[in-house]
Amino acid sequence: MPDSTHHTDVAIVGAGPVGLFAVFECGMLRIKCHVVDALDVAGGQCAALYPEKPIYDIPGYPVIEAAALIEKLREQAAPFHPVFHLGQTVEKCERTEGGRFLLTASAGTKIDSRAVVIAAGVGAIGPNRPPLAGIETFENKSVFYFVKRRDDFAGKRVVIAGGGDSAVDWALSLADIAARVIVIHRRPKFRAAPESAAKLAKLAQEGKIDMVVPFQLEGLEGVQGKLSAVTVKSLSGEQRRIPADALLAFFGLAMSLGPIAEWGLNLEQNRIAVDPASCATNVPGLFAIGDIATYPGKLKLILSGFAESALAAHAIHPLVYPDRELHFEYSTTTGIPELA
Ligand SMILES: Cc1cc2nc3c(=O)[nH]c(=O)nc-3n(C[C@H](O)[C@H](O)[C@H](O)COP(=O)(O)OP(=O)(O)OC[C@H]3O[C@@H](n4cnc5c(N)ncnc54)[C@H](O)[C@@H]3O)c2cc1C
């Protein structure tokens, strides 16, 4: 088997907004990066949880949709030619000779680097799947756990299962463009923001959304991944068959630190304790930034993660270039450096 080991300066675990900006900050200091993410797209929570929601607290953008922010971050990182390994979970992080690290990802990819930046957010992101027979044959064809593009559901009969913010927000949003929106929830009460739950009740009253409550998903009907109906059952045993073209199942996300918890890091409530001046963890050469990093006063905001990216990049510079003194410079002075 050919040796698939990649060699680079920094391996970044997580291609969320903070991992992406870390590529830029490292690049500005001529540090090269490889980035690994369990999701098959870059963008972390922004891509997986709320791509079309407007964000209002990104400096310089009075408002920007989450997906557009990710696009901009990718564009900003592009001059530094990051290498992405998507759809792969980092499983192992071993120390090797000369203070280097060897990361191993689920597809067998190995990355040898001088430092590792953990930008793993809330952990590898994956949906909680409802336990329905044969659901995997429908996944990503007519059963979805995330909405990548709202327009994909235009003119369709969409069943939305769940009682939280995602279920309610998408029901409201798709009501305008879907042929029909049917909401299934096992309780009459929704765990969504009160204003959104009130809007949902109003649209249901006006007959613009169908509510199937209190019912639970029981089965899927269709062929070759193409859904034709969803069957549901109430707690009292009443069954119904709901013709449908798509099912959006919002039962929350499973986010687990997974193997990262085994890397000998100081953890505080599933987050990695770092020195706020450098984002260094207790393991020399391992840094943590973004949602996964914690220190007194930490705010779990994208903008905090951006600043942490800059701090980590500066702290990593002497590891990558031990013989080169780092002079602090503005980007207006350096421009965008060329990476060899
Ligand atoms: C609905 C919603 C609205 C929000 N609105 C705002 C807002 O208005 N303003 C704001 O500042 N913040 C907001 N946030 C929070 C913001 O999204 C997070 O602070 C931000 O995404 C953190 O970025 P990150 O890169 O640290 O982590 P994440 O975005 O969580 O990305 C981490 C990535 O690491 C990957 N990963 C983890 N472990 C592994 C592993 N072992 N191997 C491979 N990959 C791994 C994950 O799959 C994930 O893609 C919001 C969050 C939500 C859910």
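Heads up: the structure comes first, above all this text.
Now for a look at the structure at hand. Here the structure is a predicted model, which is why all the values come from computation and not from measurement. (Residues numbered from 1 in each chain as written. Predicted model: local features only at pLDDT ≥ 70, side-chain atom pairs only at ≥ 80, totals over all residues. Heavy atoms only, no water.)

1. Here we look at the sheet that holds strand β1 (residues 5-7)
Convention followed: Between any two strands, pairing holds if DSSP finds at least two bridges. Only DSSP runs of H or I covering at least 4 residues are called helices, and only runs of E covering at least 2 are called strands; the numbering of each starts at the N terminus. Convention adopted: a line fitted to C-alpha atoms gives each axis, helices being fitted over their contacting stretch, and angles between N-to-C directions are expressed from 0 to 180 degrees.
Read from one edge to the other, the open sheet built from four strands follows the order β1-β9-β8-β7, with strand pairing classed as mixed. On the outer flanks of this sheet lie β1 and β7 (90-95), each paired with one strand and no other. Direction aside, neighbouring strands of the sheet carry axes that sit 20° apart on average.

2. Here we look at the environment of K226
Which entries qualify depends on this criterion: Here, residues are in contact when the closest pair of their heavy atoms is within 4.5 Å.
As for its position among the elements, K226 is in strand β17 (residues 226-234). Through-space distance from the C-alpha of K226 to that of E52 is 25 Å; in sequence the pair is 174 residues apart. Sequence-distant contacts of K226, defined by excluding residues within four places in its chain, comprise F138, S142 and E221.

3. What about the pairing of strand β9 (residues 110-113)?
Examined bridge by bridge, β1 and β9 share three bridges and lie parallel to one another. Bridge pairing in β9 links H6 to I111. Where strand β8 (residues 101-105) and β9 come together, four bridges link them in antiparallel fashion. If you follow L102 over to β9, its bridge partner there is D112. Linking β8 back to β9 in an antiparallel pair, the connection comprises four residues, with G108 at a positive phi of about 95°.

4. Structural notes on the environment of E218
Rule in force here: Any N or O atom pair separated by 3.5 Å or less is treated as a polar contact, with the protein-specific requirement of one donor-capable and one acceptor-capable atom, and with residues adjacent in sequence counted only for side-chain atom pairs.
Within the secondary structure layout, E218 lies in strand β16 (residues 215-223). For E218 and G335, which are 117 residues apart along the polypeptide, the C-alpha to C-alpha distance reads 58 Å. Polar contacts involving the side chain of E218 include one to the side chain of Q239, which spans 2.9 Å.

5. So, a nonpolar patch on the surface
Note the following rule: Residues enter a patch when their relative accessible area is above 30% and they make no salt bridge; the linking distance is 9 Å between like charges and 5 Å between nonpolar side chains (Val, Leu, Ile, Met, Phe, Trp, Tyr). In short, Shrake-Rupley with a 1.4 Å probe defines the accessible areas, and a residue's cover is counted only from the protein chains shown. Should a side-chain nitrogen of Lys or Arg be within 4 Å of a carboxyl oxygen of Asp or Glu, the pair is scored as a salt bridge. Buried means the residue's accessible area, taken with a 1.4 Å probe over protein chains only, is under 20% of the maximum for its type, while exposed means over 50%, and partly exposed covers the values in between.
Taken together, the side chains of L299, L301 and L303 make up a nonpolar region of the molecular surface, amounting to roughly 240 Å² of accessible area. By the secondary structure assignment, L303 is in helix α7 (residues 302-320). We classify L303 as partly exposed; its relative accessible area is 35%.

6. Regarding the packing of helix α5 (residues 165-174) against helix α6 (residues 194-205)
Stated formally: Roughly parallel covers angles under 35 degrees, roughly antiparallel covers those over 145, roughly perpendicular covers 65 to 115, and oblique covers all other angles. Each crossing is labelled by how the near helix is turned from the far one, with a counterclockwise turn of less than a right angle marking it left-handed and a clockwise turn marking it right-handed. When residues are grouped by polarity, Ala, Val, Leu, Ile, Met, Phe, Trp, Tyr, Cys and Pro land in nonpolar, Asp, Glu, Lys and Arg in charged, and all others, Gly among them, in polar.
One can describe the packing of α5 onto α6 by two numbers: an axis separation of 10 Å at closest approach and a directional angle of 45°. Considered as vectors, α5 and α6 are oriented oblique to each other. Here the hand of the crossing between α5 and α6 comes out left-handed. Residue-level inspection shows V168, D169, A171 and L172 of α5 in contact with α6, the latter providing S196, A197, K199, L200 and L203. Taken together, the residues of the contact of α5 with α6 break down into six nonpolar, one polar and two charged.

7. Examining unusual backbone geometry
A negative phi angle is the norm for most residues apart from glycine, just as the trans form is the norm for most peptide bonds. Note that the residue after V213, namely P214, is joined by a cis bond; omega there is -5°. The phi dihedral of Q269 falls on the positive side, at around 45°, and the residue is not glycine.

8. Observations concerning the nonpolar core
Among soluble globular proteins, nonpolar side chains are generally buried collectively. Worth spelling out the cut-off: Side-chain atoms within 4.5 Å are what join buried Ala, Val, Leu, Ile, Met, Phe, Trp, Tyr and Cys residues into a set we call a nonpolar core.
Ranked by size, the top nonpolar core spans 40 residues in total, and within it V10, I12, I31, I55, I289 and I316 carry the most contacts. Put simply, the parts of the chain that give this core at least two residues each are β2 (10-13), α1 (17-28), β3 (33-37), α3 (66-77), β10 (115-118) and α7. For this core, the element with the highest residue contribution is α1, accounting for eight residues. Among residues more than four places away in sequence, those in contact with I12 are G19, A22, V23, C33, H34, V35, V36, V117 and A119. With 24 residues, the next largest nonpolar core counts I111, V274, A293 and Y295 among its residues.

9. A short note on the site of the ligand
Formally: Note on definitions. A residue lies near a molecule or strand when any single heavy atom of the residue is within 4 Å of it.
Residues in contact with the ligand amount to 32 residues; listed here are only the nearest, D37, Q45, Y50, V90 and D291. At a separation of 2.9 Å, a nitrogen atom of the ligand approaches a polar side-chain atom of D57. Contacts to the ligand include I302, whose backbone N or O atom sits 2.9 Å from an oxygen atom. Coverage of the ligand by the protein amounts to 86% of the 990 Å² it exposes when considered alone. At the level of secondary structure, the elements contributing two or more residues to the shell around the ligand comprise α1, β3, α2 (44-48) and β11 (124-127). Grouping the amino acids of the shell around the ligand by side-chain chemistry returns 18 nonpolar, ten polar and four charged.

10. A look at the side chain of R114
The residue R114 is located in the loop between β9 and β10 in this model. A distance of 2.7 Å separates a polar side-chain atom of R114 from the backbone oxygen of G99. With residues near it in sequence (within four places) discarded, R114 still touches T8, D9, G98, G99, R100, F101, L319 and V320.

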